[in-house]
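Architecture and fold: a report
In case you want the letters, here they are:
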Amino acid sequence: VQLVESGGGLVQPGGSLRLACEVSGITFSNYGLNWYRQAPGKQRELVAGITWAGATNYVDSVKGRFTISRDNAKNTVYLQMNSLKPEDTAVYYCHLVYNYRTYWGQGTQVTVSS
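Residues numbered from 1 in each chain as written. Predicted model: local features only at pLDDT ≥ 70, side-chain atom pairs only at ≥ 80, totals over all residues. Heavy atoms only, no water.

Another aspect to go through is the pairing of strand β7 (residues 66-71). Of the two faces of β7, only one is covered, namely that formed by Phe66, Ile68 and Arg70; the face formed by Thr67, Ser69 and Asp71 stays uncovered. Note: β7 against strand β8 (residues 76-81), six bridges, orientation antiparallel. Across the sheet, residue Ile68 finds its bridge partner in β8, namely Leu79. Between the antiparallel neighbours β7 and β8 lie four residues, among them Asn75 with a positive phi of about 50°. (Buried < 20%, exposed > 50% of the residue type's maximum accessible area, 1.4 Å probe, protein only. Helix = DSSP H or I, 4+ residues; strand = E, 2+ residues; numbered from the N terminus. Pairing = 2+ DSSP bridges.)

So this is what it looks like as structure tokens:
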């Protein structure tokens, strides 16, 4: 099982980024996936999740600004991030629970700064 994130970078406050996480080694359409983030000196937190059926959930701090989605044909989950704030700066990780094991991607850095 592999999770590979892409799409991070440096963006100004108010800007947008789209993260992608391509998953291999599983029947992608059968599983939910999550995005977590970890800022320097802080605990890793759940940002958004999407079930196999497409139901979504978000942490309060990103509701209305971030959108999680999935493309089962591409084995990819996305995180569209709009109206970015400096406090969104963190390493973002894709997360999967499969066969009772937890899998993480390598992480992608998002920096929001002017």
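With respect to topology, four strands assemble into an open sheet ordered β1-β3-β8-β7, the strand pairing being antiparallel. A strand with exactly one partner marks an edge of an open sheet, and here the two such strands are β1 (2-6) and β7. Adjacent strand axes in the sheet meet at a mean angle of 15°, parallel and antiparallel pairs treated alike. (Axes fitted to C-alpha atoms, helices over the stretch in contact; angles between N-to-C directions.)

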